[in-house]
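# Secondary and tertiary structure notes
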Amino acid sequence: MEEKYKTLEIVEKIPKSGVFYLILNRPSQRNALSHDFFSEFPKALHALDDNTEVNVIVLSGAGNHFCSGIDVSILGSIGTNPSSGESLRRQIMAMQDSVTALERCRKVVIASIEGACIGGAIDIVTACDIRMCTKDAFFSVKEVDLALAADLGTLQRLPLIVGFGNAMELALTGRIFSGLEAKELGLVSRAFNSKLELHDGVRDVAQVGT
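Residues numbered from 1 in each chain as written. Predicted model: local features only at pLDDT ≥ 70, side-chain atom pairs only at ≥ 80, totals over all residues. Heavy atoms only, no water.

You'll find the chain entered in an unreviewed UniProt entry as Delta(3,5)-Delta(2,4)-dienoyl-CoA isomerase, peroxisomal isoform X2, with Abrus precatorius given as the organism. Under the UniProt heading Sequence similarities (unreviewed entry), the note attached to the chain is "Belongs to the enoyl-CoA hydratase/isomerase family." (UniProt positions renumbered as here; feature names shortened; annotations may be inferred.)

To continue, consider the packing of helix 5 (residues 154-162) against helix 6 (residues 164-173). Remark: helix 5 packs on helix 6, axes separated minimally by 7 Å, with the N-to-C direction vectors making an angle of 130°. When the interaxial angle is binned, helix 5 and helix 6 end up oblique. Helix 6 is crossed by helix 5, and the crossing has right-handed handedness. Packed against helix 5, whose contacting residues are L155, L158, P159 and V162, the element helix 6 presents F164, N166, A167, M168, L170 and A171 at the interface. Split into classes, the residues belonging to the contact of helix 5 with helix 6 amount to nine nonpolar, one polar and no charged. (Axes fitted to C-alpha atoms, helices over the stretch in contact; angles between N-to-C directions. Helix = DSSP H or I, 4+ residues; strand = E, 2+ residues; numbered from the N terminus. Parallel < 35°, antiparallel > 145°, perpendicular 65-115°, else oblique. Left-handed = near helix turned anticlockwise from the far one by under 90°. Contact = heavy atoms within 4.5 Å. Nonpolar A, V, L, I, M, F, W, Y, C, P; charged D, E, K, R; others polar.)

In this structure, K16 is a non-glycine residue whose phi angle is positive, near 65°. On the secondary structure map, K16 appears in the loop between strand 1 (8-11) and strand 2 (19-24). You can call K16 exposed: its relative accessible area is 74%. At R30, a position not held by glycine, the phi torsion is positive, near 50°. Tracing the chain through its elements places R30 in the loop between strand 2 and helix 1 (35-50). (Buried < 20%, exposed > 50% of the residue type's maximum accessible area, 1.4 Å probe, protein only.)

One open sheet accounts for six strands, arranged 1-2-3-4-6-9; its pairing is mixed. With partners counted over all chains shown, the strands left at the sheet margins are strand 1 and strand 9 (190-192), one partner each. Going from strand to strand, the sheet's axes swing by 20° on average, the running direction of each strand aside. (Pairing = 2+ DSSP bridges.)

This paragraph deals with the sheet that holds strand 5 (residues 116-118). With respect to topology, three strands assemble into an open sheet ordered 5-7-8, the strand pairing being mixed. Strands at the two margins of the open sheet, each flanked by one partner only, are strand 5 and strand 8 (177-178). In this structure, strand 7 (residues 138-140) lies alongside strand 8, joined through two bridges in antiparallel fashion. When the sheet's bridge partners are listed, F138 is paired in strand 8 with S178.

Before going further, it helps to spend a moment on empty space enclosed by the protein. Scanning all chains against the criterion turns up one cavity of 30 Å³ or more. Of the voids in this model, the largest cavity is the one considered here, and its volume is about 40 Å³. If you go around the largest cavity, the residues you meet are T7, L24, N25, R26, N31, A32, L33 and F37. By residue class, the composition of the lining of the largest cavity is four nonpolar, three polar and one charged. (1 Å grid on protein atoms, 1.4 Å probe; cavity = no way out; pocket = protein on both sides within 12 Å on 5 of 7 lines; lining within 4 Å. Points joined across faces, edges and corners; volume = space filled by probe spheres on them.)

Close approach of charged atoms lets side chains of opposite charge pair. For the coordinates displayed, the defined rule picks out ten salt bridges. The residue D50 makes a salt bridge to R106 at a minimum N-O spacing of 3.5 Å. One end of the pair, D50, is in helix 1; the other, R106, is in the loop between helix 3 (84-104) and strand 4 (108-113), with 56 residues separating them in the sequence. Under the relative-accessibility criterion, D50 is labelled partly exposed at 46%. When the shortest N-O distance is used, the salt bridge between R203 and D200 registers 3.2 Å. You can see R203 and its partner D200 sitting in helix 8 (residues 195-208), three residues apart, about one turn around the helix. (Salt bridge = Lys/Arg side-chain N within 4 Å of Asp/Glu carboxyl O.)

Right under this line is the structure:
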C-alpha cells in the first residue's frame, strides 16, 4: 500500500507519463515546513527514486504558495534547558539531511514555484535540478530577520547559482525579490506570466525528460 503523508501528496497527473508530482500539502499554513515534513520528505523522495515508473519529479505547493519556510513552532519547541544548544544542532543537522535528499535523488527534480518561496523554501529549491516560477512569485532568504543563518543549504548552494555577491546581498538583507528578478539572477530558468503558463511549461519540460 502506498504510504500516506501528513505534509505531502504524491500524484501522477497523467497516467503512465513517468512524471510524478510531489506536493507540499499544508496550504492553510502556506506549506510551512513542520517536524513531520522533515521526517516525511526524505522518505517520499526515496520511494520515488526507487520507483521504476518515475522519470521526473515535479516539486510544487498546494494552494497559492510554494512554501513560506520553516514553521516557527519548530524553533519554539526548543526550550531553555542547558542541552538546548545541542538539541538545536542535532535538529538542524537532521533538517539539512532532509533537504540534501533532493541531491541524492537520481531522478530529475523540477521546482514549480508560485506565490511565496521564503526562507527554508529557498534551501529546498536550490537543491533541485531545475527551477521555474511565475513572474509574481516572491522570494526571500528570510533567516536574517530571525537572527538565524540560512544553514539548511542556501549559503552553500545559492552562491553557485546566482554568484557569491548576489547571494550574500540577499542573505544579509533578507529583502523580497520577484520572480522576474529571480530569472535575472539565474535562480530560475524561466518566469511565466501566469500559474497556468507555469504548469504547462513545467509539464512540457518534464515530459521531455521522460
